[in-house]
Amino acid sequence: EPEVTQTPSHQVTQMGQEVILRCVPISNHLYFYWYRQILGQKVEFLVSFYNNEISEKSEIFDDQFSVERPDGSNFTLKIRSTKLEDSAMYFCASSMRGAGGEQYFGPGTRLTVT
Amino acid sequence: AQSVTQLDSQVPVFEEAPVELRCNYSSSVSVYLFWYVQYPNQGLQLLLKYLSGSTLVKGINGFEAEFNKSQTSFHLRKPSVHISDTAEYFCAVMGSNYQLIWGAGTKLIIKP
């Protein structure tokens, strides 16, 4: 069964460093998402991406964040200058359709900022 | 704006007993509702979803949920839980740009 994959599974970085989190969505999916979950807290939406552009972003997704789909298979989330409060589990998801479409989630990348 | 409230942060229940996990939502757009499960140290897996039609929705692992528009609820139920159901359960509503808006989660604790 096709699945969403994410790399790395765990990333440790120092405050102020740039990180890139990578995701390979399911191949025929058209909608892509990033969510995060700070330890012990609820899952929060970051950004959605469709037709090679951002379709929605939350207030968390400030100028330090960017997304890219560089080659038609990967979907990346970049954090330009990490802060301690960026430490969280980051989930990538993809879906075939928008309205009502089931979002399939990757296993997540645990980002630890020290 | 859409929001989701999960009224219980933890629900302890004995094995083989029934369970209900509560979820209330608010939404100003078409209502698409989801329940996801997160097993310890794993990702998020869809249990079931409500898009339209029958208000009783059946999902995987014997779970079902009932959409109640007048009470703006989407409670999750299972008639008999097993130790393997130990997990955190998240209710979510779909926003106007297809993003999921999540509740805080309910930890289901199964007592032997």
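1. Side note on the pattern of salt bridges
1) Next: Applying the stated criterion across every chain, the model contains six salt bridges over all chains.
2) Next: Measuring nitrogen to oxygen at the nearest pair gives 3.1 Å for the salt bridge that ties Glu-44 of chain A to Arg-36 of chain A.
3) Next: In this structure Glu-44 of chain A comes out as partly exposed when scored by relative accessible area, which is 22%.
4) Next: With a shortest N-O distance of 2.9 Å, Arg-77 of chain B and Glu-20 of chain B are connected by a salt bridge. Taken together, the residues Arg-77 of chain B in strand β9 (residues 73–78) and Glu-20 of chain B in strand β3 (residues 19–21) connect sequence positions 57 residues apart.
5) Next: The class for Arg-77 of chain B is partly exposed, based on a relative accessible area of 28%.
6) Next: By relative accessible area, Glu-20 of chain B is classed as partly exposed at 35%.

2. A look at the state of the cysteines
All names here are of chain A.
1) Next: For the coordinates displayed, the defined rule picks out two disulfides over all chains.
2) Next: Bridging Cys-23 to Cys-92, the disulfide has an S-S length of 1.9 Å. Handedness of the Cys-23-Cys-92 disulfide follows from its S-S torsion of about -65°: it is left-handed. Residue Cys-23 is found in strand β3 (residues 19–24), and its partner Cys-92 is found in strand β9 (residues 88–95); the two are separated by 69 residues along the sequence.
3) Next: For Cys-23, a relative accessible area of 0% translates into the label buried.

Rules used in this analysis
Residues numbered from 1 in each chain as written. Chains lettered and ligands numbered in written order. Predicted model: local features only at pLDDT ≥ 70, side-chain atom pairs only at ≥ 80, totals over all residues. Heavy atoms only, no water. Salt bridge = Lys/Arg side-chain N within 4 Å of Asp/Glu carboxyl O. Buried < 20%, exposed > 50% of the residue type's maximum accessible area, 1.4 Å probe, protein only. Helix = DSSP H or I, 4+ residues; strand = E, 2+ residues; numbered from the N terminus. Disulfide = S-S within 2.5 Å.

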